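# Tertiary structure, described
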Amino acid sequence: MKTRILLLIIVQLLAFSMANAQTSVAVSGIIKNQSNKAPLPFVNVVLKAEKDSAFVGGTFTNEEGRFSLSKIKPGNYYLEVSYIGYATKKQPLFVGSLTNYLDLNTIELTEQFTSLNEVVITAKTDEISEQMDKKTFALKDNISQGGGSVLQAMQNLPSVTVQDGKVQLRGNDKVTVLIDGKQTALTGFGSQTGLDNIPASAIEKIEIINNPSAKYDANGNAGIINIIYKKNKKDGFNGKIGLTGGLGSLWVRRQNLPTIRPQYTFTPKINPNLSLNYRKDKVNLFFQGDYLYTETLNKNEFVTRNYDNGDVISSQLKRNRNTHFTTLKSGIDYAINDQNSLTISGIFGSEKIIDRGDQPFFDGDLLKRKRLWQFLEDELKTTWMATASYQHKFREAGHLLNVGFNYTFHREDEKYFYDNFLPTSTGTDAFKLLSDEQVYDFNFDYIKPLKYGRIETGIKLRNRNIPTNMLFIPGANSVLDINAGGWATYRELIPAVYGNYVFENRKWEAELGLRVEYVRIQYDVNPNHKVYKSDGYNYTQPFPNLRVAYKINDNNKLSVFYTRRVDRPNEVDIRIFPKYDDAEIIKVGNPALRPQFTTSMELGYKTNWKTGSLYNAIYHRFADGTITRISSTVPPSNLIYATFQNVNRSYNTGIEMVLAQEMTDWYSFNINLNAYRNQIDAFTVENKYPSTHLFTANKQEIFSGNIKLNNTFRLPENIDAQLTVIYLAPDIIPQGKIKARFSVDLGLKKAIQNGKGELFFNATDVLNTMVLKKEITGQAFNYTSIDYYETQVTRLGYSYKF
């Protein structure tokens with residue numbers, strides 16, 4: 001294995017182009033007469049480098065005595081302030097990278113005599129922010145994953161892995177996913193959802209925030225992923241149109257078990273997209289529309305279950321999926337005047353899923369079929385979101401007041417139809433689930449620049465309601481638990497207040513924040529439910545964050561992070577209705593589930609040189625009341641019931657390295673190495689469904705990690721190429737482990753039509769090696785599974801800017 005990993009590191013060609021995040025620091029202040037404190041208009045303000053007194057920039061004050069110097073590169077300077085009839089004043093100035101605005105407050109001049117000048121400059125920083133708390137990636141540079149979904153695009157990002165349709169950061173799936181800085185029903189208000197159905201073509205860039213500050217919601221202990229939609233602000237009318245087509249499941253990796261319908265092959269994909277923008281004077285209108293149609297072999301899992309009584313069951317769960325996903329975003333930016341602006345926008349999302357599944361069950365030698373479970377799932381998810389944002393700019397640059405309101409409506413309309421074929425009988429069943437989620441969010445944020453940093457403070461209020469109704473429709477020889485249906489209503493109220501102070505001088509940086517949240521959750525349950533009763537909880541908790549950094553020199557920095565965060569159970573985690581998408585592994589929620597609180601610490605080091613950078617981090621986090629899914633049986637039945645529970649403390653400790661290097665003008669690479677140890681302490685819990693029973697598990701621990709290598713090539717004829725290699729080491733999952741995985745992706749793109757057009761081709765999992773292999777151990781049973789779900793996809797696309 002060591003040799004294999006070493007060979008991968010040597011051969012893999014990697015490079016994910018991280019977006020060059022622009023750091024634009026504005027320095028402002030006010031010039032006054034020392035004697036009478038009157039503002040001085042038209043005073044000359046010049047910025048010079050401390051090292052050699054080289055001229056950097058200049059301006060003069062307005063009629064109110066205020067000045068602003070924009071786009072200043074971090075460094076050591078001094079201000080030279082001069083005015084006819086006054087003595088010239090020199091003042092040292094340090095410009096850091098933690099804030100985009102510095103307010104020097106009042107500078108006083110004494111009466112005398114002198115001169116003036118003027119100029120403007122630009123600057124940029126690299127992809128990993130100087131604070132080392134955020135990584136930013138432009139999706140246009142992700143050549144090998146273009147034309148797919150956001151979830152697929154994330155697979156190549158440093159620190160990110162994808163497992164069972166969920167994003168993990170450093171091996172942890174407790175990730176909060178935002179759209180344009182806000183939680184939405186498209187990506188989930190609690191646990192993440194829907195990422196595989198959001199077209200990547202709609203997205204401008206993705207931010208990964210491992211150590212969020214107090215201004216972010218406290219939910220999500222692994223960190224935050226912020227998905228930023230495209231939005232153009234060029235003058236006049238402009239836009240972009242594109243079309244992508246593709247094919248997946250190019251061959252059968254494993255033949256079906258006997259007597260079931262064929263699995264999908266040569267699955268089509270199509271993604272047309274259009275963005276429009278019109279900007280004139282005070283008005284900016286924008287529109288982004290995407291449609292994604294896919295046919296997918298969503299699941300093709302072969303399972304062997306062994307019971308302590310000697311029974312062996314072999315099965316296959318095959319799911320052919322058709323998905324139609326439409327997302328529309330439109331809005332208007334209106335500049336009321338120089339100091340006040342208003343943005344009103346809306347998002348519409350429609351996700352239509354049709355699943356046709358087969359699940360045969362055989363004895364251990366596959367000679368006798370015990371059962372065939374066939375199903376049709378018809379699901380429609382509809383989302384409407386409306387947002388209004390108001391911004392007031394005070395006279396000092398960067399001094400802001402933001403007020404926002406957000407309303408979300410999300411409907412989940414799900415229908416299942418089952419046929420249960422047994423050796424001596426046939427049964428038919430169905431159920432219908434309807435859920436209407438409404439969320440009201442209000443936020444008030446205030447930012448005040450200081451001479452050596454800034455202050456941020458604000459309040460947020462969320463009110464969320466989710467009434468759900470489950471109707472079981474039993475047929476002949478029904479296997480449904482009809483007494484576990486009915487209605488349930490989830491109510492959530494979260495007011496929060498936060499404050500954040502940022503300080504920076506020539507050698508030190510500090511960020512200290514505190515968020516205080518009051519949370520009240522009430523889950524009301526149909527009183528006739530056979531097991532569960534209404535439940536709820538509330539708490540008031542502080543969530544501090546701290547970052548302290550020491551700047552060794554201009555190219556080397558050492559940072560320490562501390563955060564405390566929470567993972568509240570999402571509504572689907574406590575939902576009382578059993579789910580039958582697997583005939584013999586029944587999933588059900590748990591209304592008694594409580595929040596998981598996590599404390600995280602990290603030590604980071606970053607160094608830059610002319611052609612590259614290196615980022616290293618050591619991190620440790622521990623969680624109390626860890627939320628995990630428990631699989632158990634209730635004899636004499638062989639059915640497995642999977643229920644969420646709070647178990648004991650869990651730990652995640654690891655190291656991360658991100659190395660980026662430009663080797664020549666046509667070749668650069670990026671390597672990301674993440675190695676960690678996961679541990680879940682021994683625990684005993686009480687499962688209540690379908691009847692009360694205890695479950696005990698020993699301590700689980702494993703060393704795991706992943707390596708991602710990307711190579712980017714800039715070839716003649718305006719052609720860019722990318723080759724990505726990903727290796728995921730074995731890892732622990734609830735009651736078991738997942739084995740190693742490996743894949744290779746490649747992509748090409750070519751600029752045409754004088755740079756306005758672009759052609760691209762890519763192929764994911766070229767060698768068709770990405771297979772999920774799991775081993776699960778429960779009380780009185782164990783099982784192994786191999787899932788040959790669709791991973792190999794080829795795409796060809798074209799886009800044109802106008």
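Residues numbered from 1 in each chain as written. Predicted model: local features only at pLDDT ≥ 70, side-chain atom pairs only at ≥ 80, totals over all residues. Heavy atoms only, no water.

### Regarding the packing of aromatic side chains
The final tally for this structure, using the stated rule, is 28 aromatic pairs. Their ring planes at 5 degrees and their centres at 6.3 Å tell us that Tyr-537 and Tyr-539 sit as a pair that is stacked. One exposure class covers both Tyr-537 and Tyr-539, and it is buried. Aromatic side chains Phe-781 and Tyr-783 sit 6.5 Å apart centroid to centroid with 10 degrees between the ring planes, which places their arrangement in the stacked category. Each member of the pair, Phe-781 together with Tyr-783, is buried. Feature note: the residues Trp-373, Phe-375, Tyr-416, Tyr-418, Phe-431, Phe-472 and Tyr-580 constitute an aromatic cluster, connected by ring pairs. Seen from the ring of Phe-302, Arg-254 lies directly overhead, with NZ or CZ sitting 4.0 Å from the centre. (Phe/Tyr/Trp six-rings, centres within 6.5 Å; stacked < 30°, edge-to-face > 60°. Buried < 20%, exposed > 50% of the residue type's maximum accessible area, 1.4 Å probe, protein only. Lys NZ or Arg CZ within 6 Å of the ring centre and 35° of its normal.)

### Details of the pattern of salt bridges
Pairing of side chains with opposite charge becomes possible as their charged atoms draw close. Going through the model one piece at a time under the given rule, you end up with 49 salt bridges. Here Lys-37 ties to Glu-108 by a salt bridge, and the two come within 2.8 Å at their closest N and O atoms. Of this pair, Lys-37 sits in the loop between β1 (25-33) and β2 (44-49) while Glu-108 sits in strand β7 (residues 101-109), and the two are 71 residues apart along the sequence. In this structure, the salt-bridge partner of Asp-413 is Lys-415, at a minimum N-O distance of 3.6 Å. By relative accessible area, which is 17% here, Asp-413 ends up buried. (Salt bridge = Lys/Arg side-chain N within 4 Å of Asp/Glu carboxyl O. Helix = DSSP H or I, 4+ residues; strand = E, 2+ residues; numbered from the N terminus.)

### Section: the environment of Asp-445
Along the chain, Asp-445 falls in strand β21 (residues 426-450). Judged by its relative accessible area of 17%, Asp-445 falls in the buried class. Spatially, the C-alpha atoms of Asp-445 and Val-658 are 33 Å apart, while their sequence positions differ by 213 residues. Look past the residues within four positions of Asp-445 in its chain and what remains in contact with it is Leu-400, Leu-401, Asn-402, Thr-457, Gly-458 and Tyr-498. A polar contact of 2.6 Å, which involves the side chain of Asp-445, links it to the side chain of Tyr-498. (Contact = heavy atoms within 4.5 Å. Polar contact = N/O pair within 3.5 Å; in protein donor to acceptor, adjacent residues only side chain to side chain.)

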